[in-house]
Amino acid sequence: MKSSDQQNSLVHFRFGFVLLLTLVVMALDVRSKFLSDFRYYVESALYPVLVFADSPHSVGKMMSTQFKSHSELIKENEQLSTENFMQRANTLRLKDLEDENQALRKLLNSPVRQNIKRLFAEVVDVDPDPYLSRVTVNRGTSSDVYEGMPVITDKGLVGQVMEANYSFSRVLLLTDPNCQIPVIDSRSSVRAICIGSGSHAEIIINNVPRTADIKEGDMLLTSGIGGVYPKGYPVAIVTSVGISDSQPFAAIKARPLVETDKMRYVLMFGTSSDTPDAEEYALQAKQMTDDKTILHQKKVKDLIDTLSVKKNDKNRNAEKKEDKKSNVGGTND
């Protein structure tokens, strides 16, 4: 019993000594940081052991991430393939509509519209003036960019090129106070002019009679008037229509579909250089008109000839009837 008690006492004494030593070392380390170098070397020496011990967890996490990324890539690839298929189908439909449009324009003696050239550009700079809404893109005259060239995104109209240099161009945004765009209400076909307000989230439609059929939520499209912006591109959504009995015009505000302060890429489009110019189109229209006039004259001439032949046949028949009557009369005598 005495030996066991001595052993227990020794164990308790050791435990107390180690505990006290630990507390003293911790207190000294907190105050003087004298064990920081020692800890650094110990951790450096044990780092390979820690990496090896953590390797199963790291490998499992990496495999899980790889499988997840692989499945996400497969899903995204399937989605893009579906969208690509739909876009190709739409392209085929648009090609058919384009051919039909050209045929109808030929029947109406209207010049066929020029082909559209599209240029992809990136916004590289923004005008620092808070009262102006203008950006710079990395396309210039070297890419056949010209002043007045319309600029859009996948959501709607952005504006037009106001200055074209060799390697870059400045774009006047539709929210700039100096920008005016002819628009048309997609629901009621009311035409108007929208003007930038200087704010990225608002444009103003001025000089619209208060009796005009424009309501909140209406979509405003480019009307094509003026020849700068092609017809049918989305511009803005009407957000408010203010009508006052003391004012002859309505106070209409709209929200642009394109967030011009957040866009990064734009699409610039204009007439292709390999298409006939305006004079050639005028000659084509004149030629088609002359052909139609000649055809009309030929139809009139054929109609006159047909009527003349019928009249001659009628006169001959009448003469034959008179001859028969005279012959019958002579026989009776």
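Just so it is clear, the model here is predicted, and its values are computed rather than measured. (Residues numbered from 1 in each chain as written. Predicted model: local features only at pLDDT ≥ 70, side-chain atom pairs only at ≥ 80, totals over all residues. Heavy atoms only, no water.)

Enquirer: Just to check I follow, could you spell out the overall build of the protein chain for this structure?
Expert: Looking only at helices and strands, the protein chain has three helices and twelve strands in total. Across the 333 residues of the protein chain, 23% fall into the buried class. Residue pairs in contact within the protein chain that sit at least 24 positions apart in sequence constitute 56% of those at least 6 positions apart. With an accessible surface of roughly 24,300 Å², the protein chain has 57% of that area assigned to carbon and sulfur atoms. (Helix = DSSP H or I, 4+ residues; strand = E, 2+ residues; numbered from the N terminus. Buried < 20%, exposed > 50% of the residue type's maximum accessible area, 1.4 Å probe, protein only. Contact = heavy atoms within 4.5 Å. Areas by Shrake-Rupley, 256 points an atom, 1.4 Å probe, with all protein chains shown as cover.)

Enquirer: Help me understand the pairing of strand β10 (residues 234-242) in this model?
Expert: It is a general feature of regular strands that their side chains alternate between the two faces of the sheet. Sheet analysis places strand β9 (residues 219-222) next to β10, joined by three bridges and oriented antiparallel. Residue pairing in the sheet places Leu-220 in a bridge with Ala-236 of β10. Sheet topology note: the β10/strand β11 (residues 249-256) ladder contains six bridges and is antiparallel. Counterpart to Gly-242 in the pairing with β11 is Ala-251. Hairpin connection of β10 to β11: six residues between the antiparallel strands. (Pairing = 2+ DSSP bridges.)

Enquirer: What exactly am I supposed to notice about the packing of aromatic side chains here?
Expert: Geometrically, a pair of aromatic rings is defined through the distance of the ring centres and the angle of the planes. Under the criterion given, the structure shown has two aromatic pairs. Residues Phe-120 and Tyr-265 carry aromatic rings whose centres are separated by 5.3 Å and whose planes lie at 20° to one another, so their mutual orientation is stacked. One end of the pair, Phe-120, is in strand β1 (residues 116-126); the other, Tyr-265, is in strand β12 (residues 265-271), and 145 residues separate them in sequence. Judged by relative accessible area, Tyr-265 falls into the partly exposed class, the value being 38%. (Phe/Tyr/Trp six-rings, centres within 6.5 Å; stacked < 30°, edge-to-face > 60°.)

Enquirer: For this particular structure, what's the right way to read unusual backbone geometry?
Expert: Leaving glycine aside, a negative phi is the common case for residues, and trans is the common case for peptide bonds. Notably, Asp-144 is not glycine yet its phi reads approximately 65°, a positive angle. With respect to the helices, strands and loops of the structure, Asp-144 is situated in the loop between β2 (134-137) and β3 (150-152). According to the relative accessible area criterion, Asp-144 is partly exposed, its value standing at 41%. The backbone of Ser-189 shows a phi angle near 65°, a positive value even though the residue is not glycine.

Enquirer: So what exactly am I meant to see when it comes to the state of the cysteines here?
Expert: Covalently bonding the sulfur atom of one cysteine to the sulfur atom of another cysteine gives a disulfide. Summed over the entire model, instances satisfying the criterion amount to zero disulfides. With no disulfide of its own, Cys-179 lies 6.8 Å from the sulfur of Cys-194, the closest cysteine sulfur. Note on Cys-194: relative accessible area 1%, which makes it buried. (Disulfide = S-S within 2.5 Å.)

Enquirer: Hey, could you run me through the pattern of salt bridges in this one?
Expert: Where side chains of opposite charge bring their charged atoms close, a pairing between them can arise. Using the criterion set out here, one finds seven salt bridges in the structure. Residues Arg-134 and Asp-176 are paired through a salt bridge, measuring 3.4 Å at the closest nitrogen-oxygen approach. Highlighted residues: Arg-134 in strand β2 and Asp-176 in the loop between β5 (169-173) and β6 (180-185), separated in sequence by 42 residues. Residue Glu-163 is joined to Arg-170 by a salt bridge in which the shortest nitrogen-to-oxygen separation is 3.8 Å. A relative accessible area of 23% places Arg-170 in the partly exposed class. Members of the salt-bridge network, linked through shared partners, are Asp-127, Glu-163 and Arg-170. (Salt bridge = Lys/Arg side-chain N within 4 Å of Asp/Glu carboxyl O.)

Enquirer: Hey, could you run me through the side chain of Thr-175 in this one?
Expert: Inspection of the secondary structure assignment puts Thr-175 in the loop between β5 and β6. Setting aside chain neighbours within four positions, we find Thr-175 in contact with Ser-133, Gly-196, Ser-197, Gly-198, Ser-199, His-200, Glu-202, Ile-203, Pro-256 and Thr-260.

Enquirer: I tried to follow the environment of Arg-170 on my own but got confused; where do I start?
Expert: Among the secondary structure elements, Arg-170 is positioned in strand β5. Separated by 45 residues in sequence, Arg-170 and Asp-125 place their C-alpha atoms 9.1 Å apart. With residues up to four places along the chain from it excluded, the contact list for Arg-170 reads Asp-127, Arg-134, Val-135, Thr-136, Gln-160, Val-161, Met-162 and Glu-163.

Enquirer: I tried to follow the pairing of β6 on my own but got confused; where do I start?
Expert: Burial analysis of β6 places five of its six residues in the buried class, which makes it a mostly covered element. Hairpin geometry of β6 and strand β7 (residues 191-196) is characterised by an intervening segment of five residues between the two adjacent antiparallel strands and by a positive phi of about 65° at Ser-189. In terms of strand pairing, β6 meets β9 through three bridges, oriented antiparallel. Residue pairing in the sheet places Asp-185 in a bridge with Leu-220 of β9.

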